[in-house]
Amino acid sequence: MAARVIEPAGALVARGLRLACSRPALWFTAPLLALLLLLLLPVVGLVYHIYFDRRGLPDLEPFIRFELSTVGNVYDARGRVLVELAREYRRVVSYDEVPPVLRHAILAAEDKNFFSHSGVEYRALPRVVYKTAVHSVAAWWKGGTDFRLRFPQGGSTLTQQLVRGYFLRDRASRENGPALFRDTATSWVLSAALGVPTTNKLLRKMEEMRLALWLEEEMRRRYG
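All residue numbers refer to positions counted from 1 along the written sequence of the respective chain. Only residues with pLDDT of at least 70 are given local features in this predicted model, and only at 80 or more are side-chain atom pairs given and counted; all residues enter the totals for whole chains, interfaces and linings. Hydrogens are left out, water is left out, and the side-chain values use all remaining heavy atoms of the structure.

Asks: Go over the overall build of the protein with me, naming the residues and quoting the values.
Replies: For helices the rule is a DSSP run of H or I covering at least 4 residues; for strands it is a run of E covering at least 2, with both sets numbered from the N terminus onward. Tallying secondary structure elements over the protein gives nine helices and two strands in all. In the protein, the order of α-helices and β-strands from amino to carboxyl end is α-α-α-β-β-α-α-α-α-α-α. Across the 224 residues that make up the protein, the buried fraction comes to 24%. The contact rule is simple, with two residues in contact once any of their heavy atoms fall within 4.5 Å. Sequence-distant contacts, at least 24 apart, represent 61% of the contacts inside the protein between residues at least 6 apart. Under the convention used here, a 1.4 Å probe and the Shrake-Rupley method define accessible areas, while residue burial counts only the protein chains that appear. Working note: accessible area of the protein is about 16500 Å², and carbon and sulfur atoms make up 63% of it. Exposure categories follow from relative accessible area, calculated using a 1.4 Å probe and restricted to protein chains: below 20% of the type maximum is buried, above 50% is exposed, and the middle band is partly exposed.

Asks: Quick rundown of a nonpolar patch on the surface? Include the residues and the values.
Replies: Candidate patch residues must exceed 30% relative accessible area and have no salt bridge, after which like charges are joined if within 9 Å and Val, Leu, Ile, Met, Phe, Trp or Tyr side chains if within 5 Å. Salt bridges are identified by distance alone: a Lys or Arg side-chain nitrogen within 4 Å of an Asp or Glu carboxyl oxygen. A cluster of nonpolar side chains, contributed by Val 43, Val 47, Tyr 48, Tyr 51, Phe 52, Tyr 122 and Leu 125, occupies part of the molecular surface with about 660 Å² of accessible area. For the nonpolar patch, the element with the most residues is helix 2 (residues 23-51), which contributes four residues. As for its position among the elements, Phe 52 is in the loop between helix 2 and helix 3 (61-65). A relative accessible area of 58% places Phe 52 in the exposed class.

Asks: How would you explain the pattern of salt bridges if you had to name every residue and give the values?
Replies: What the rule picks out here adds up to 14 salt bridges. Among the salt bridges present, the one from Arg 55 reaches Asp 53, with a minimum N-O distance of 2.9 Å. Of the residues examined, Arg 55 reaches a relative accessible area of 61% and is grouped as exposed. The partner of Arg 222 in a salt bridge is Glu 61, and the shortest N-O contact between them spans 3.1 Å. Linking Arg 222 in helix 9 (residues 196-223) with Glu 61 in helix 3, this pair joins segments that are 161 residues apart in sequence. Owing to a relative accessible area of 34%, Arg 222 belongs among the partly exposed residues under this scheme. Through salt bridges with shared partners, a single ionic network connects Arg 164, Glu 175, Arg 204, Lys 205 and Glu 208.

Asks: So what about the packing of aromatic side chains? Which residues, and what values?
Replies: Two rings from Phe, Tyr or Trp (for Trp, the six-membered ring) form a pair when their centres are within 6.5 Å of each other. A pair whose planes differ by under 30 degrees is stacked, one over 60 is edge-to-face, and the rest are tilted. Following the criterion strictly, the structure yields six aromatic pairs and no others. Ring plane angle 25 degrees and centroid distance 6.2 Å describe the contact between Tyr 48 and Phe 52, whose orientation is recorded as stacked. Consider the rings of Phe 167 and Trp 214, whose centres lie 6.1 Å apart with planes at 65 degrees: the pair is edge-to-face. Highlighted residues: Phe 167 in the loop between helix 6 (158-166) and helix 7 (169-174) and Trp 214 in helix 9, separated in sequence by 47 residues. Cluster of aromatic residues (ring-pair linked, three or more members): Phe 63, Tyr 166, Phe 167 and Trp 214. Its guanidinium or amino end placed over the ring of Tyr 95, Arg 103 lies 4.3 Å from that ring's centre, counting from NZ or CZ. Here, a charge over a ring is recorded when the distance from Lys NZ or Arg CZ to the ring centre is within 6 Å and its angle to the ring normal is within 35 degrees. Stacked on the ring of Phe 181, the Lys or Arg Arg 171 has its end atom at 5.0 Å from the ring centre.

Okay, here's the thing in structure tokens:
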């Protein structure tokens with residue numbers, strides 16, 4: 001009976017590399033690698049933009065001051081206020097002035113981990129991805145003309161909601177238009193696959209994450 005020869009691991013790796021580099025294998029693997037690289041480039045660009053790119057940040061001072069709209073008062077002859085004229089009636093209150101039951105209700109409904117995350121709730125991302133896939137496929141299956149990503153409500157932290165309402169209000173109002181927010185290679189690649197409105201919404205969500213992380217960093221640096 002012939003003895004069984006066990007090939008060393010190094011020899012197996014070398015033989016696998018020679019097989020991968022052979023001409024038939026190259027004809028098959030080269031397009032796949034090129035496609036994979038093309039798909040990875042937008043992801044790498046978005047990751048860099050969110051976590052490392054700090055260019056073009058908004059001015060934080062007006063946000064910190066948060067000056068309310070002026071209220072016009074009409075007085076009588078004795079100096080008493082007869083009428084208050086304003087488009088919006090607001091009053092700034094401190095955190096301690098908000099009743100605890102209201103604070104707990106807001107956090108329970110909107111962002112239960114507000115005091116433990118850094119502006120983005122990563123544990124909610126799998127749920128958001130699942131709901132996005134389900135809603136998108138369901139809308140397309142019910143008669144949509146083309147497949148589009150449909151982002152569900154929820155999943156944003158309070159910091160992201162604040163960023164969207166204060167810093168990105170104009171962008172959010174224009175995201176369904178025909179023009180891309182950013183004229184970059186990443187935007188063009190995404191728009192070719194997803195369409196312009198979906199790309200704008202995705203880029204707006206990415207900008208929400210970037211500004212939320214930046215805002216939390218600035219608040220910790222200034223106030224601890």
